[in-house]
Amino acid sequence: MNRLANSTSPYLLQHANNPVNWYPWGNEALQKAKDENKLIIVSIGYSACHWCHVMEHESFEDEQVAAVMNEFFVCIKVDREERPDVDQIYMSVVQLISGRGGWPLNCICLPDQRPIYAGTYFRKNDWTSLLFNLADYYKQKPEDALEYAERLTEGIQKYESIGFVETQPDYTQADLEVIVNNWKKYFDKTEGGMGTAPKFPMPNNWQFLVRYAHLMQDNKIAELAKLTLRKMAYGGIYDHLGGGFARYSVDGLWHVPHFEKMLYDNGQLITLYSEAYTWQPDELYKQTVSDTIDFAVRELLSPDGGFYSALDADSEGVEGKFYVFAKEEIQAILGTEAELFCIYYHINDEGNWEEGQTNILFKRGEDKELAEAIGIPVEELLDSVAASRKKLFEARSKRIRPGLDNKILASWNGLMLKGVCEAYRTFNKVEYLDIALKNANFLSTNLIKDGRISRVYKTVETGSDGANPLQRRGLGEVAFLDDYANIIDAFIALYEVTFDEQWLNHAIKLADSAIAHYYDEVNGIFFFTADDDEQLIARKAEVMDNVIPASNSVMARNLKKLGLLFDKGQYLQISAQQLSNIMPHMAKYGSAYSNWSMLLLDEVFGIYEVAIVGGDAAAFRIEMEKKYIPNKIILGGTKGSLPLLRDKFSDKTQVFICKDKTCGLPTANIAEALKQINAQNI
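Not measured: the values here are computed from a predicted model.

Once that is clear, we can look at the pairing of strand E2 (residues 39-45). The element E2 is largely enclosed, with a buried count of seven among its seven residues. Sheet topology places E2 next to strand E3 (residues 73-79); seven bridges connect them, and they run parallel. When the bridges of E3 are listed, Ile44 appears paired with Val78. Strand direction decides the pairing type here: E2 and strand E4 (residues 105-109), joined by five bridges, are antiparallel. Across the sheet, the residue bridging to Val42 is Cys107, located in E4.

Below you can see the structure in the form of structure tokens.
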């Protein structure tokens, strides 16, 4: 076994038996490269990554390939989920070289960590040839390699850099229209989503577009958002038996998933479908939320209350094997019920996927239309399909399961906690609040200390003798801006559904730490890494929203909310500066700035501060949440120290609608409170 054997990362442990002399990222490997003047291979991936497994099997398990790697290079394996700072640096390289990125990510660097080449997946022969060529290049032309590394490193430092904007612009609805109008050319108006293939859910994109459609009264965008939500929930990207979404669809129809299931996708999609239900109620959205939460609790929730990171794409070494069915399997399990089920989910003898006679469950049409075509009541159709799903789920549960990545990440838990809070806000199911509180208490107890976060928590096996077999701990003090941003966001959401100020107090301590250790006052933006963490070859700022919103955009929205809740001018000023800096870039590519665009919506339309105080505050909050008002924050309870709550408590329950530092007259009626909001919208 190589030096990865003592790692806690499931991804690194997957490579512990490789003949490659892998090192984890750290001083030992980096110093060895300098001492021996060897190039470094930095190979980055994650445990659920299918093509990472393929390259490992083809190249890293091969003795001859390993011999080349070991002789000429110092080989470092990195779990991108534990060290997104390292991944961010070297992903910039492959994007600069090729214009695209992905995993596995393989970068060849000088002994001082500066890169000279990078790519993603390589076939075995191509990988070996590349290594020989680069080793010879460094030996024969070290000056050329040094010069190229200097140019690449300069490119990394400039890549996605943002300048300081002196003036604070006046934002208008026209600014929003420009962003969306430029974005429209990428929309798939037939199948929903964006582009052709592959297709990613991009939940933050659609959350913004739902809000835009509502506030701007844009019916075309509203219809596109509803189309996308329906197509995703109908497609094979959604697990129709067990709930939850795969990371993306390899085709343009949402049919064939890349089968890995990630915590971050599912947390955000719970948020999206919950909000969409409040916007325009649809039982499909409600069922999707319910089943996705059931999946997360059943398969990703630890006994301690933290959520694990992911389920692998593969089982038994085969992509998707756990999830797909041959028609004859379904017939054997369901008997006479099989025919109707196969029609409903497009199951056929030949298979609807390229892997032989296997089928991925997916829907295309509407239940009512299918019931009419078959000639049965729609209720009978749905009852039959539901009963069949349960039988197939039970049969599937006996299969060999995909691998579980059981590390617990602060950032991703923040995304899931936010999702469960939003589900509770929408559906008022007490079990959702129980899950949220258990998770929040887990995070505050195990991953937060004195206002600082540890990114990773993992259950570590320490022995097999039955005496103290498990040790549970947070792994070090290293954390990144996304950990702070997403946990703050979740704690604000938890406060809004409980009116328990402890969560805001946690949030403000974390915000102060983020400002102290991550904020760059010169450029008006947050760095991704802390000032007291390991310094890499570049200190980057994450500004573009992707499958997960950029940590800077989440922090900007957090500071806007906290600034209003606590009347903190510094928070509001930092948030405003961040948006000013990003604004010149937003119209070019709306998908990469969707979370920024939600902040822009709040700037254009303003934010309502809804204060509900008194003995029936919780019941009033539930009633208020039934009305879709995306540009609001809600606060209150029977006691509280927030500035807006001072002098507002009395014997009766009242609602105050405030905006721009002005509050309307209190009302004891939700309908009257909504009238105040409607009057301000005219």
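Read across the sheet, four strands follow the order E21-E20-E22-E23 without closing on themselves; strand pairing throughout is mixed. Each edge of the sheet is formed by a strand with only one pairing partner; in this case those strands are strand E21 (632-637) and strand E23 (662-663). Pairing analysis gives six bridges linking strand E20 (residues 608-613) to E21, with the strands arranged parallel. Across the sheet, Ile612 pairs through a bridge with Gly636, a residue of E21.

Buried within helix H4 (residues 63-72) we find Val65, Ala66, Val68 and Met69. The buried residues of H4 occupy an angular sector of 155° when the element is viewed end-on, so they sit on one face. Exposed residues pointing more than 90 degrees away from the buried face of H4 are listed as Glu63, Gln64 and Glu71. Tucked inside the fold, the buried residues of H4 contact strand E1 (22-24), E2, helix H3 (50-60), E3 and helix H6 (124-140).

This paragraph deals with the pattern of salt bridges. Per the stated rule, a full pass over the model turns up 44 salt bridges. In this structure, the salt-bridge partner of Arg401 is Glu299, at a minimum N-O distance of 2.4 Å. Linking Arg401 in the loop between helix H16 (378-396) and strand E12 (404-405) with Glu299 in helix H12 (residues 283-299), this pair joins segments that are 102 residues apart in sequence. Given a relative accessible area of 37%, Arg401 falls into the partly exposed group. Because the salt bridges share partners, they merge into one network encompassing Glu422, Arg425, Glu496, Arg621, Glu625 and Lys632.

Position of Asp294 relative to the elements: it lies in helix H12. Distance in space between the C-alpha atoms of Asp294 and Gly243 is 7.1 Å, their sequence separation being 51 residues.

Next up on the list: the state of the cysteines. Scanning the model with the defined rule gives two disulfides in all. Disulfide partner of Cys658: Cys663, at an S-S distance of 1.9 Å. What sets the handedness of the Cys658 and Cys663 disulfide is the S-S torsion sign, and at about 100° it is right-handed. In this structure Cys658 comes out as buried when scored by relative accessible area, which is 2%. When the bonded cysteines of the protein chain are numbered from the N-terminus onward, they pair as 1-2, 3-4.

Looking now at the pairing of E4. Of all five residues in E4, five are buried, a share of seventy percent or more. Counting the residues between successive antiparallel strands, the hairpin from E4 to strand E5 (residues 115-119) contains five residues, one of them, Gln113, with a positive phi of roughly 85°.

Helix H25 (residues 670-681) packs onto helix H24 (residues 617-625) with a crossing angle of 50° between their chain directions and a minimal axis gap of 10 Å. Here H24 lies oblique to H25, going by the angle between them. Regarding H24 and H25, the two cross each other, and that crossing is right-handed. Contact with H24, carried on its side by Phe620, Glu623 and Met624, involves Ile670, Ala673 and Leu674 of H25 and no other residues of that element. Residue composition of the contact of H24 with H25, grouped by class: five nonpolar, no polar and one charged.

What follows covers the confidence of the model for the protein chain. Put simply, the protein chain has an average pLDDT of 94, and 97% of its residues get 70 or more. Per-residue pLDDT stays below 50 along residues 463-475; that stretch engages in 29 contacts with residues further than four places along the chain or on separate chains.

Their axes nearest at 11 Å, the elements H12 and helix H17 (residues 410-427) cross at an angle of 140°. Judged by the inter-axis angle, H12 sits oblique to H17. Between H12 and H17 lies a crossing of left-handed hand. Facing H12, whose interface residues are Lys286, Val289, Ile293 and Ala296, H17 presents Met416, Ala423 and Phe427.

A few words on the nonpolar core. Among the nonpolar cores identified, the biggest contains 194 residues, and Met69, Trp127, Phe526 and Met624 are the most heavily contacted of them. Looking at which element gives the most residues to this core, the answer is helix H19 (residues 481-498), with 12 residues. Every residue in contact with Trp127, bar those within four places of it in the chain, is listed here: Ile41, Met55, Ser59, Phe60, Val65, Met69, Asn106, Ile108 and Phe122. Counting 26 residues, the second largest nonpolar core, distinct from the first, contains Tyr23, Val78, Cys109 and Leu152.

Quick notes on the rules
- Residues numbered from 1 in each chain as written.
- Predicted model: local features only at pLDDT ≥ 70, side-chain atom pairs only at ≥ 80, totals over all residues.
- Heavy atoms only, no water.
- Buried < 20%, exposed > 50% of the residue type's maximum accessible area, 1.4 Å probe, protein only.
- Helix = DSSP H or I, 4+ residues; strand = E, 2+ residues; numbered from the N terminus.
- Pairing = 2+ DSSP bridges.
- Arc of directions from axis to C-beta.
- Contact = heavy atoms within 4.5 Å.
- Salt bridge = Lys/Arg side-chain N within 4 Å of Asp/Glu carboxyl O.
- Disulfide = S-S within 2.5 Å.
- Axes fitted to C-alpha atoms, helices over the stretch in contact; angles between N-to-C directions.
- Parallel < 35°, antiparallel > 145°, perpendicular 65-115°, else oblique.
- Left-handed = near helix turned anticlockwise from the far one by under 90°.
- Nonpolar A, V, L, I, M, F, W, Y, C, P; charged D, E, K, R; others polar.
- pLDDT = per-residue confidence, 0-100.
- Core = buried A, V, L, I, M, F, W, Y, C linked by side-chain atoms within 4.5 Å.

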